[in-house]
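A closer look at the structure
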Amino acid sequence: TRLDIGANYYHQAYSGPNWYVSESGSNETGDGSTDLPFATIQKAIDLASGNNTVWVGDGTYHGTTEVKNSVKILSQNGPENTILTSSSNAMVFFIDHASPTISGFTITGNTKGIYMDGNGSGSNPAPIIENMRFINCNSSIGSLIGGYEAGNPKIRNSLFANNTTTSGIIAGFS
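Below you will find a few notes about this structure. Please read all numbers here as calculations on a predicted model, not as lab measurements.

Digging into the overall build of the chain
Secondary structure summary: the chain contains 1 helix and 17 strands in total. The 174 residues of the chain split such that 47% are buried. Of the contacts made within the chain by residues no fewer than 6 positions apart, 60% connect residues no fewer than 24 positions apart. Split by element, the accessible area of the chain, about 8100 Å² in all, is 47% carbon and sulfur.

See below:
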């Protein structure tokens, strides 16, 4: 269901496995297809299942995205064209008991970046973070990439420049 909060039945005709997000998309009328993309990464992730891919179009996206499955979250045209920000000291991605692939974004602003939470479940999230740019981030609480009871994330081919943190770039894995 959409804006009706369950009052009326809505059938989601499109079912992936590739989900699309665009600045000009809509979470109300979009279905995640290339013709009708969503406006937010969160909406696409909520409908994607493990091993699906969320393709994010060029633009600047704001907010925290909670990832609870092992999807691939990829920018369509690389970090020069796809920018992610969040509210002050919030994370851009909160990974909850999952091991997604996140690739091709610039993360910037007053953000904590990416946080992984295993929270005693034994799941030990271990995402692949690649082809990323963490530029001009200012995290007054914590690190840019952090976690609690998280596994070993794989960080490849990523740039860290002009960042300020209280706990370093990468911290908090156990």
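Structure shown, so let's carry the discussion forward.
Thoughts on the side chain of Thr53
Secondary-structure assignment places Thr53 in strand 2 (residues 53-56). Not counting residues within four places of it along the chain, the set of residues in contact with Thr53 comprises Pro17, Asn18, Trp19, Lys72 and Leu74.

Comments concerning the pairing of strand 10 (residues 111-117)
With 6 of its 7 residues buried, strand 10 lies for the most part within the structure. The pairing of strand 7 (residues 90-96) with strand 10 spans 6 bridges and is parallel. Within strand 10, the position partnered with Phe94 by the bridge is Tyr115. Summarising the sheet, strand 10 and strand 13 (residues 145-148) pair through 4 bridges and their orientation is parallel. Across the sheet, residue Ile114 finds its bridge partner in strand 13, namely Ile145.

Details of the nonpolar core
Counting 30 residues, the largest nonpolar core has Ile73, Ile114 and Phe134 as the members making the most contacts within it. Counting residues per element, the ones that place at least two in this core are strand 1 (18-21), helix 1 (41-47), strand 2, strand 7, strand 10 and strand 12 (133-139).

A short note on the pairing of strand 7
With 7 of 7 residues buried, strand 7 is to be regarded as a mostly interior element. With 3 bridges joining them, strand 4 (residues 65-67) and strand 7 adopt parallel strand pairing. By the bridge assignment, Val67 is partnered in strand 7 with Ile95.

Describing the sheet that holds strand 14 (residues 154-156)
Read across the open sheet, the 6 strands follow the order 1-2-5-8-11-14; overall the sheet is parallel. Because the sheet does not close on itself, it has two edges, and the strands there are strand 1 and strand 14. On average, each strand axis in the sheet is tilted by 15° relative to the strand beside it, whichever way the strands run. Sheet analysis places strand 8 (residues 101-103) next to strand 11 (residues 128-130), joined by 3 bridges and oriented parallel. For Ser103, the partnering residue across the bridge sits in strand 11 and is Glu130.

Reading the values: the criteria
- Residues numbered from 1 in each chain as written.
- Predicted model: local features only at pLDDT ≥ 70, side-chain atom pairs only at ≥ 80, totals over all residues.
- Heavy atoms only, no water.
- Helix = DSSP H or I, 4+ residues; strand = E, 2+ residues; numbered from the N terminus.
- Buried < 20%, exposed > 50% of the residue type's maximum accessible area, 1.4 Å probe, protein only.
- Contact = heavy atoms within 4.5 Å.
- Areas by Shrake-Rupley, 256 points an atom, 1.4 Å probe, with all protein chains shown as cover.
- Pairing = 2+ DSSP bridges.
- Core = buried A, V, L, I, M, F, W, Y, C linked by side-chain atoms within 4.5 Å.
- Axes fitted to C-alpha atoms, helices over the stretch in contact; angles between N-to-C directions.

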